[in-house]
Amino acid sequence: MNTPTATAQRDRAVIAMMLAASVASTIGGLPFNSLPVMLGSLADSFALDSKSVGLIGSICFAGYLVGTLGAPLWMNRLDWRWLTVISAAGTAGSFALSASVRELGALYVMWALIGFFASTMTCLGMRILSDLPNKVRAFGVRQGVELSLTAAVLFALPPLVIATWKYPGAAWALAAVVAALGLSARWVPRHPIVAVAAQAHAQGRSRIPARAWFVLAVFFVFLAGNIALWAFLERIGAALKITPAEMGLVFAVLKLLGGAAAFFCAWIGDRAGQRLPYWVVLAAITAGLALVAQSSSFAPFALGVWLWEFAFTCGCVFQSALIARSDPSGRAVVLIPAVFALGSMVGPAAAGYLVAAGSFVPLLLLALATSVVPVLAHALGRGAHAAAGAPRAV
């Protein structure tokens, strides 16, 4: 029999665990969320060309991919509290060391380590939350915490740190943020709170369907093109003479809009059907990219970037839901972080080559082209179902 006191203690423990997992996941998201301003400050501080800047972003997410793919092998075997301490220390230490190096090769190594250690925190945060009873609430809290903290960092970093101390100051600032967030290890559980043996046995009885692999591949294309643009947003703004304070505002509002977009999609749910959302997302992305392409000042640039971010986030949510529907066993969903890492690895490198000639138009066209792919793939998929005589979703 549960007494009111026992129930209150259990609720407090769940809340503490939820917040600790959300903070851990925030550490994992910092390299990606701060990527444009960090790459921009690297370019200015070390006089790097576009190819080198793009390669640093790709190397970071190569490390992230390695950590993401390896996590399922050891995640349930390690002490999660010690894993939080080690990964937070590794991320913070790599940021700090990157502030003192001067060789490009050393920067590559540091950013690979940043990506690797950060990925373990993302995987750990999601793994903890998957054990909580109310998963919608758990992942909602995670997203809110991550985006709120990220918005604060992005708002302060360009005008208060980068403007004065450039990349070394930004790297030390992120190291300090990660170290502070790492204190959440005190409330992280040491091991899974739900037995995993039966779940693993059930998952092992089925393979991921071919349709799920196809949807994952489409999602990768969508991510690669749009993350390529994300990585160079700061460079586009710098070319337009946007001030550091204005860039801080752009990125802070951008991340808040990303959270609003995700909650908006959650509110809409399946009421919009499975076809209309793709066309609305494509139309909004096209409008945002057009505004950015025609920008000559802060206002149209900011509006275009904000519209693009809202639509891009909605596209990610709708495609993630489609991946989940394509594989009832749930195994395909586990691969979403790996697909995200692959897109983050390929996108910035491609962007560096595209803008090497001094124009950002090819990069905007890449983002547009890859945003068309989900619409075409969805239309082809519906046509294939219709030809096979399968019922069509509205």
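As a further point, take the overall build of the protein chain. When its secondary structure is counted, the protein chain shows 15 helices and 0 strands. The 394 residues of the protein chain split such that 49% are buried. Counting only carbon and sulfur atoms, one obtains 71% of the accessible surface of the protein chain, whose full area is about 17,500 Å².

Quick look at empty space enclosed by the protein now. In the structure shown here, the tally under the stated rule is 1 cavity of 30 Å³ or more. By volume, the largest cavity amounts to about 60 Å³. Going through the elements one at a time, helix H11 (276-293), helix H12 (298-326) and helix H15 (361-387) are the ones with two or more residues in the lining of the largest cavity. Of the residues in the lining of the largest cavity, the class split is 7 nonpolar, 3 polar and no charged.

It is worth spelling out the nonpolar core at this point. Ranked by internal contacts, the top residues of the largest apolar core, which has 92 residues, are Met38, Leu42, Trp111, Leu157 and Leu229. With residues near it in sequence (within four places) discarded, Met38 still touches Phe95, Trp111, Leu157, Tyr167, Ala170, Ala171 and Leu174. Grouped together as the second largest cluster of nonpolar side chains are 13 residues, Ala71, Met75, Leu124 and Ile128 included.

Okay, helix H4 (residues 80-98) next. An α-helical turn contains 3.6 residues, so any two residues separated by three or four positions project in the same direction. In this model, H4 (19 residues) spans 27 Å end to end at C-alpha, consistent with the 27 Å of a helix rising 1.5 Å per residue. For H4, the complete set of buried residues consists of Trp80, Leu83, Thr84, Ser87, Ala88, Gly90, Thr91, Ala92, Ser94, Phe95, Ala96 and Ser98. You can read the cap of H4 off the contacts: a side-chain oxygen lies 2.9 Å from the backbone nitrogen of Arg81, and it is on Asp79.

Another point: the packing of helix H8 (residues 210-231) against helix H14 (residues 336-354). Packed helices, taken two at a time, are described by the angle between their axes plus the distance between the axes. In contact at an axis separation of 7 Å, H8 and H14 are set at 45° when each is read in the N-to-C sense. Of the possible angle classes, the one that applies to H8 and H14 is oblique. In this structure, the crossing between H8 and H14 has a hand that is right-handed. Across from Leu216, Phe219, Phe220, Leu223, Ala224, Ile227, Ala228 and Ala231 in H8, the residues of H14 making contact are Ile336, Val339, Phe340, Leu342, Gly343, Ser344, Val346, Gly347, Pro348 and Ala351. Residues belonging to the contact of H8 with H14 are distributed by class as follows: 15 nonpolar, 3 polar and no charged.

Okay, the confidence of the model for the protein chain next. Summing up the model confidence of the protein chain, the mean pLDDT is 82 and the portion of residues at 70 or higher is 84%. In the model of the protein chain, helix H7 (residues 197-203) stands out as the element of lowest mean pLDDT, 47, in contrast to H4, which has the highest, 94. For residues 196-205, every residue scores under 50 in pLDDT, and the model assigns this stretch 5 contacts once sequence neighbours within four places are set aside. Low pLDDT, under 50, characterises residues 385-394; the predicted model gives this stretch 9 contacts beyond four residues in sequence or across chains.

This brings us to the packing of aromatic side chains. For the structure shown, the criterion picks out 7 aromatic pairs. Summarising the aromatic geometry, the rings of Phe95 and Trp111 are spaced 5.8 Å apart at their centres and angled 85° between planes, so their arrangement reads as edge-to-face. Here Trp111 lies in helix H5 (residues 104-129) and Phe95 lies in helix H4, a separation of 16 residues in the sequence. Within the aromatic cluster, the residues linked to one another by ring pairs are Phe222, Trp308 and Phe312.

Below, the discussion takes up the pattern of salt bridges. Between side chains of opposite charge, pairing is possible as soon as their charged atoms come close. Enumeration over the complete set of coordinates arrives at 3 salt bridges. Residue Asp44 pairs with Arg235 through a salt bridge whose shortest N-O separation is 3.1 Å. Here Asp44, found in helix H2 (residues 35-46), pairs with Arg235, found in helix H9 (residues 233-239); they are 191 residues apart in sequence, far enough to count as distant. One salt bridge in this structure joins Arg235 and Glu234, with 2.8 Å as the shortest N-O distance. Through salt bridges with shared partners, a single ionic network connects Asp44, Glu234 and Arg235.

What follows concerns a nonpolar patch on the surface. Where nonpolar side chains cluster on the molecular surface, the patch consists of Trp82, Val85 and Ile86 and spans about 320 Å² of accessible area. The class for Ile86 is exposed, based on a relative accessible area of 51%.

On to the environment of Ala290. Checked against the element boundaries, Ala290 lands in helix H11. Judged by relative accessible area, Ala290 falls into the partly exposed class, the value being 40%.

As a further point, take the environment of Trp230. With respect to the helices and strands, Trp230 occurs in helix H8. Look at Trp230 and you get buried, because its relative accessible area is 2%. Between the C-alpha atom of Trp230 and that of Ala367, which follows or precedes it by 137 residues, the distance is 9.5 Å.

Within the secondary structure layout, Ser100 lies in the loop between H4 and H5. Residues Ser100 and Trp172, spaced 72 residues apart in sequence, show a C-alpha to C-alpha distance of 9.6 Å.

Before going further, it helps to spend a moment on the side chain of Ser119. Residue placement: Ser119 occurs in helix H5. Of the residues examined, Ser119 reaches a relative accessible area of 0% and is grouped as buried. Ser119 has contacts with Gly63, Tyr64, Gly67 and Thr68, leaving out every residue within four places of it along the chain.

Each value, and the rule that gives it
- Residues numbered from 1 in each chain as written.
- Predicted model: local features only at pLDDT ≥ 70, side-chain atom pairs only at ≥ 80, totals over all residues.
- Heavy atoms only, no water.
- Helix = DSSP H or I, 4+ residues; strand = E, 2+ residues; numbered from the N terminus.
- Buried < 20%, exposed > 50% of the residue type's maximum accessible area, 1.4 Å probe, protein only.
- Areas by Shrake-Rupley, 256 points an atom, 1.4 Å probe, with all protein chains shown as cover.
- 1 Å grid on protein atoms, 1.4 Å probe; cavity = no way out; pocket = protein on both sides within 12 Å on 5 of 7 lines; lining within 4 Å.
- Points joined across faces, edges and corners; volume = space filled by probe spheres on them.
- Nonpolar A, V, L, I, M, F, W, Y, C, P; charged D, E, K, R; others polar.
- Core = buried A, V, L, I, M, F, W, Y, C linked by side-chain atoms within 4.5 Å.
- Contact = heavy atoms within 4.5 Å.
- Expected span 1.5 Å × (residues − 1).
- Polar contact = N/O pair within 3.5 Å; in protein donor to acceptor, adjacent residues only side chain to side chain.
- Axes fitted to C-alpha atoms, helices over the stretch in contact; angles between N-to-C directions.
- Parallel < 35°, antiparallel > 145°, perpendicular 65-115°, else oblique.
- Left-handed = near helix turned anticlockwise from the far one by under 90°.
- pLDDT = per-residue confidence, 0-100.
- Phe/Tyr/Trp six-rings, centres within 6.5 Å; stacked < 30°, edge-to-face > 60°.
- Salt bridge = Lys/Arg side-chain N within 4 Å of Asp/Glu carboxyl O.
- Patch = residues over 30% accessible without salt bridge, like charges linked within 9 Å, V, L, I, M, F, W, Y side chains within 5 Å.

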